[in-house]
Amino acid sequence: MNIVDLEHEFMKRIKADQKIEPKDWMPEKYRQTLIRQIAQHAHSEIVGMLPEANYISRAPTLRRKAALLAKIQDEAGHGLYLYCAAETLGVDRDTLLDELHSGKAKYSSIFNYPTLTWADMGAIGWLVDGAAILNQVPLCKCSFGPYARAMVRVCKEESFHQRQGYEILLTLCNGSEEQKKMAQDAVNRWWWPSMMMFGPSDENSKHSAYSMETGIKKFSNDELRQRFVDQTKPQADILGVTLPDKDLKFDESSGHWKYGEIDWEEFNNVIQGNGPCNKIRLKHRREAWEKGAWVRDAASAYAAKKALKNSESKQVA
Ligand code: BYC
């Protein structure tokens, strides 16, 4: 088949909602778009462990500590599923990690903000994981099989994370005046960065058109952002916190909550590496990578020894 026929067959399968698998023919642009998105997603999961890790030793009770530890461990697992999915597209994990550590690859803007109090653990679970779920549930139906299948498990775990965060905030909001203030302060600081997680507005999103045409993305950045606002506002009312947007109001005609202007200058600054914590996050990532070298070496030596033993026992047989 020539390239035109291959492209035609590929689009026919996309339109019929069939999954594309790693060994199937795919356009180079599709492969590159997936590698970029899956790698950025994987990086976000492992960098996302850092702001919360600060609170493992500061959690107020043993129960909170165990839940937080489990959540952070889940994020590491999500990173692993996603790096594996990216590898099926012919890129190796060390290359992807080099790109992260050198500052070449992006990861989610949200993880470049500081975690100042325990209430931030609640706000991250509720708002950040809440935003992540809305973005990721449609990815379970993504046209690329390994990414879609990885997302099914990720989304199940993210739902626990979101409830964990909401429950932390609910407890604080039903507590003392000081605890309520702490919860409100965390919501004030995490609201707008969470809105930015969905990416640039539709008119400025350079990858959306192709990703939607090829079934990688099922909804646009603005569509998902609107869903997030509509879902989160009633939850904020139950908590008794306000969302820091003076323009937020219900629009009867569309049935949606209208929200104020996002500070795109801040967003662009953060994704270009100039947010409040970009440098420290990358420093901690590089340190973790270097300190983990002996583990990787030991695992490779063990795997090599096992492979040798297997081949020797096969020869004997
Ligand atoms: N931060 O054309 P666009 C999580 C980049 S949740 C940084 O709209 P696309 C977690 C974009 O990559 C977070 N960069 O792109 C939760 C592109 O850059 P390049 C991770 C961003 O791909 C809780 C440029 O801006 N989730 O992991 O169509 C605990 C133009 O944007 C951001 C995912 O990654 C941002 N917020 O749409 C722990 C979900 N937004 O490559 C962990 C999967 C945009 O051209 N990803 N950029 O230099 C997606 O759904 C899409 O990639 C996005 C962006 C909606 C994020």
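Worth saying up front: this structure is predicted, and the values here are computed from it rather than measured. (Residues numbered from 1 in each chain as written. Predicted model: local features only at pLDDT ≥ 70, side-chain atom pairs only at ≥ 80, totals over all residues. Heavy atoms only, no water.)

Visitor: Could you give me a rundown of the layout of surface pockets, with the residues and numbers involved?
Guide: Over the atoms rolls a probe the size of a water molecule, and in doing so it shows where empty space is left. Taken as a whole, the largest pocket encloses approximately 1,200 Å³ of empty space. What lines the largest pocket is a set of 50 residues, and nearest its centre among them are Q40, S108, M197, F198 and G199. Listed by contribution, the elements that provide at least two residues to the lining of the largest pocket are α2 (28–47), α3 (49–53), α4 (62–87), α6 (119–136), α7 (145–173), α10 (221–239) and α11 (264–274). The element best represented in the lining of the largest pocket is α6, accounting for seven residues. Its volume calculated, the second largest pocket comes out at about 210 Å³. Around the second largest pocket sit I46, M49, A76, L80, Y83, R93, L97, R285 and W289, which together line it. Of all the secondary-structure elements, those providing two or more residues to the lining of the second largest pocket are α4, α5 (93–101) and α12 (278–291). (1 Å grid on protein atoms, 1.4 Å probe; cavity = no way out; pocket = protein on both sides within 12 Å on 5 of 7 lines; lining within 4 Å. Points joined across faces, edges and corners; volume = space filled by probe spheres on them. Helix = DSSP H or I, 4+ residues; strand = E, 2+ residues; numbered from the N terminus.)

Visitor: Go over the environment of A42 with me, naming the residues and quoting the values.
Guide: One can find A42 in helix α2. Considering only alpha carbons, one finds A42 and Y83, 41 residues apart in sequence, at a separation of 6.0 Å. When residues no more than four places from it in sequence are discounted, the contact partners of A42 are G79, L82 and Y83. (Contact = heavy atoms within 4.5 Å.)

Visitor: If you had to explain a nonpolar patch on the surface to someone new, which residues and values would you point to?
Guide: Residues I3, V4 and W25 make up a contiguous nonpolar surface patch of roughly 300 Å² in combined accessible area. In this structure, W25 sits in the loop between α1 (3–15) and α2. Classification of W25 as partly exposed rests on a relative accessible area of 32%. (Patch = residues over 30% accessible without salt bridge, like charges linked within 9 Å, V, L, I, M, F, W, Y side chains within 5 Å. Areas by Shrake-Rupley, 256 points an atom, 1.4 Å probe, with all protein chains shown as cover. Salt bridge = Lys/Arg side-chain N within 4 Å of Asp/Glu carboxyl O. Buried < 20%, exposed > 50% of the residue type's maximum accessible area, 1.4 Å probe, protein only.)

Visitor: Run through the site of the ligand, naming residues and quoting values.
Guide: Near the ligand lie 32 residues; those nearest to it are Q40, K106, S205, H207 and K217. A distance of 3.0 Å separates an oxygen atom of the ligand from a polar atom in the side chain of R36. One of the side-chain nitrogen or oxygen atoms of S205 is found 2.7 Å away from an oxygen atom of the ligand. Relative to its unbound accessible surface of 1,000 Å², the ligand loses 92% to contact with the protein. With respect to the pocket detection grid, the ligand is positioned in the largest pocket. Among the elements of the structure, α2, α6 and α11 are those that each provide at least two residues to the shell around the ligand. Ranked by residues supplied to the shell around the ligand, first place goes to α2 with six residues. By residue class, the composition of the shell around the ligand is twelve nonpolar, 13 polar and seven charged. (Near = heavy atom within 4 Å. Polar contact = N/O pair within 3.5 Å; in protein donor to acceptor, adjacent residues only side chain to side chain. Sits in = over half its atoms within 2 Å of the grid points. Nonpolar A, V, L, I, M, F, W, Y, C, P; charged D, E, K, R; others polar.)

Visitor: Give a description of the state of the cysteines that names residues and reports values.
Guide: Per the counting criterion, the structure on display carries zero disulfides. Residue C142 stays outside any disulfide, its sulfur separated by 9.6 Å from that of C140, the closest cysteine. Here C142 falls in the buried class, since its relative accessible area comes to 0%. C155 forms no disulfide, and the closest cysteine sulfur to it belongs to C140, at a distance of 3.8 Å. (Disulfide = S-S within 2.5 Å.)

Honestly, it's all geometry; don't read function into it.
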